[in-house]
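Now for the letters of each chain:
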Amino acid sequence: MRTRLASLVALGTGALVLRLVVAHAYTAYVKPGAGVDLLLAAGVLLLTGAAGLLSPATEEHRPPPVAALLVVPLVLLVVVAPPALGSFYARHASSSAGLARTAAYPPLIAGPDGTATASLVSVVGRSLRGQDLRGTRLRLTGFVSGRDRQGRLLLTRFSVKCCAADATVSQVPLVMRGSAPDDTWLEVTGTVTTAPGALPVLQVLSSRDVEAPEDPYEA
Amino acid sequence: MTLTAPQDVRGHEHPQGPVAPEVTRGRALPWLVLGACVLAAVVRLRAEPLLQTWSTVALAVVLQALPFLVLGTLLSGAVAAFVPEGVLPRLVPRRPVVAVPLAGLLGFALPGCECSSVPVAGRLIGAGAPPAAAFTFMLAAPAINPVVVVATAVAFPGHPEVPTARVVASLVAAIAVGLVWARWGPRLQQCAAHEHHHGGGRLMALRSALVEDFTSSAGWLVLGGATAASLQTLVPRDLLDIVAGSSVGAVVVLAVLAVLLAVCSEADAFVAAGLTQFSLTSRLVFMTVGPMVDVKLVALQAGAFGRGFVVRFAPLALACAVVSAVLVGSVLL
């Protein structure tokens, strides 16, 4: 049995990754586009692991002690089941403003209700690049992470290029009544009040609590 | 016993033989106790935002690298299974001055990030490739392959000189490391004798090599992910702005940051693009160092080639990467 340990490790890791992808829980950790890669990797690990366990009398080398560390992701997923990055990390992460300033964004297109839906990072980028957003009704979705120095609620979203380790944070202060606890997801509709070139501030017309989106990070 | 061929890079340090069960049990007990304590602490603190954030980042690093690690072990398994003994030494030019730059240029052909290239380099050495050439390939591939070059061009729109400078700086650094290693690196025993004879043909050999390479690399990847997560969640980012103003300070800080953050080479250009308070040259240093030396990569290399190897190799690669990036940056950027 001991000689099959390596195959067992491969099989277990493959099963864990497969479960993450099937349950669509992987987007809390990596970009949505990585799903196919993860699925393929899980397939290879499951196949080779199963083949190793089933094949008769193959000699396998004992995995080195460090392979025991593979139990760490397993424990973290089962015991901690960490959610996507939230308000705690928003205070730590670097701002997406630097990146947003260099990206090119297509013009905003308003829907039938006269409101344009946009990502937070694109709104920050458009405003910093000098687009005049004043007068455009915007619909933004994000979570609450505290208040800025003027006491305005901060609507927040992370941008992820590859995985949560490269996350940068986009924040838009909301001018509105009422409050919401940290990590509450809000869908707000409002207009930008700041001049082009500045970090945008949103005058909120309406706001409602929503479920956390399936893909918590913006691109 | 893990007798993957690359272990012989450790030179005098011979792989341990099979350990008797009772010895294993005696050694394992303290680790089991430690593991139980850690597990108890994790269960108790599982709702803490710090632990949750740490876990998210650690899992993210492991998960994003996993497909590339599997791709790398698949390729390395294919080398082990399908490249007959003795073919590689005949194909690769004998002289390092020819073989090393050639290996660097071949890095264009392995699309993926740094986690694929470590097991591939290990197996190439096992199959008889000169170590210096294999290491150059390992360092160059993650930085200059088409996927990374395109990502870099996308991250720096309007700056076509940035992807160019990145390719040149990475290639120069990788070749420099290879040449230094060929001239002064420790002599390694070539180790055809350790090629296994697996029953059941090539497919079986592929499967067996894949499982072995995967289990020995993935544990180190977890260690690297945990280190990167600790630094990401515990070090405040405000410190960065203070040093960004000095040109030497910026280079040093971004080199250190590249090592500590362990961002995948497919994403590091986007991170660099966001660090607008830093000079372009210091950001080139970030993008040149990261794919060659970072905590997760050092952990993977320690697993593949031994700790004694990493102690010499990582500082050499770091020095070459910084010098090359600064020189190329001052000319091209």
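See the structure shown above.
Definitions and limits used
- Numbers given to residues run from 1 along each chain, matching the order in which its sequence is written.
- Think of it this way: whatever chain is written first is A, whatever ligand is written first is 1, and the rest follow in order.
- Two thresholds apply to this predicted model, a pLDDT of at least 70 for residue-level local features and 80 or more for giving and counting side-chain atom pairs, whereas whole-chain, interface and lining totals are computed over all residues.
- With hydrogens and water stripped out, all remaining heavy atoms of the structure feed into the side-chain values.
- A run of H or I in DSSP becomes a helix once it reaches four residues, and a run of E becomes a strand once it reaches two; helices and strands are each numbered from the N terminus.
- Using a 1.4 Å probe on the protein chains alone, a residue whose accessible area is under 20% of its type maximum counts as buried, one over 50% counts as exposed, and one in between counts as partly exposed.
- Patches in this entry comprise residues that are over 30% relatively accessible and not in a salt bridge; like charges within 9 Å are linked, as are nonpolar side chains (Val, Leu, Ile, Met, Phe, Trp, Tyr) within 5 Å.
- Computed with the Shrake-Rupley method and a 1.4 Å probe, the accessible areas treat only the protein chains shown as cover for residues.
- A carboxyl oxygen of Asp or Glu within 4 Å of a side-chain nitrogen of Lys or Arg is what we treat as a salt bridge.
- Lines are fitted to the C-alpha atoms to define the axes, a helix being fitted only along its stretch in contact, and any angle between axes, read from their N-to-C directions, falls within 0 to 180 degrees.
- Put simply, angles under 35 degrees are roughly parallel, angles over 145 are roughly antiparallel, angles from 65 to 115 are roughly perpendicular, and the rest are oblique.
- Crossings are classed by handedness, with left-handed meaning an anticlockwise turn of the near helix from the far one by less than a right angle and right-handed meaning a clockwise turn.
- We call two residues in contact when some of their heavy atoms are within 4.5 Å.
- Stacked, edge-to-face and tilted are the three classes for Phe, Tyr and Trp ring pairs, Trp counted by its six-membered ring, which pair at centre distances within 6.5 Å; planes under 30 degrees apart are stacked, over 60 edge-to-face, the rest tilted.

Novice: Help me get a handle on unusual backbone geometry, residues and values and all.
Specialist: The phi dihedral of A81 of chain A is positive, around 40 degrees, even though this residue is not glycine. Looking at the secondary structure, you find A81 of chain A in the loop between α3 (71–80) and α4 (87–90). Even without being a glycine, A262 of chain B presents a positive backbone phi close to 55 degrees. Inspection of the secondary structure puts A262 of chain B in the loop between α11 (247–261) and α12 (268–274). By relative accessible area, A262 of chain B is classed as buried at 2%.

Novice: Describe in detail a nonpolar patch on the surface, supporting the description with residues and values.
Specialist: Residue and element names in this part refer to chain B. Judged by side-chain polarity, V168, V172, V331 and L332 come together as a nonpolar surface patch covering roughly 320 Å² of accessible area. Where the nonpolar patch is concerned, the elements lending two or more residues are α8 (161–184) and α15 (307–332). Looking at the element boundaries, L332 is found in helix α15. The class of L332 is partly exposed, set by a relative accessible area of 37%.

Novice: Kindly report on the packing of helix α6 (residues 131–144) of chain B against α8 of chain B, identifying the contributing residues and their values.
Specialist: Residues and elements named next belong to chain B. At a minimum axis separation of 8 Å, α6 and α8 run at an interaxial angle of 165 degrees. Of the possible angle classes, the one that applies to α6 and α8 is roughly antiparallel. Between α6 and α8 the crossing geometry is right-handed. Along its contact with α6, which presents A132, F135, T136, L139, A140, A143 and I144, the element α8 presents R166, V167, S170, L171, A174, I175, V177, G178, W181 and A182.

Novice: Can you break down the packing of aromatic side chains residue by residue, with the values?
Specialist: Given two aromatic rings, their pairing is described by the distance between the two centres and the angle made by the two planes. Residues and elements named next belong to chain B. Enumeration over the complete set of coordinates arrives at 11 aromatic pairs over all chains. Measuring from centroid to centroid gives 5.3 Å for F135 and F305, while their planes differ by 85 degrees, and the two rings are edge-to-face. You can see F135 sitting in helix α6 and its partner F305 sitting in helix α14 (residues 295–305), a full 170 residues away along the chain. Judged by its relative accessible area of 0%, F305 is buried. On the basis of an interplanar angle of 40 degrees and a centroid distance of 4.9 Å, the ring pair of F135 and F309 is categorised as tilted.

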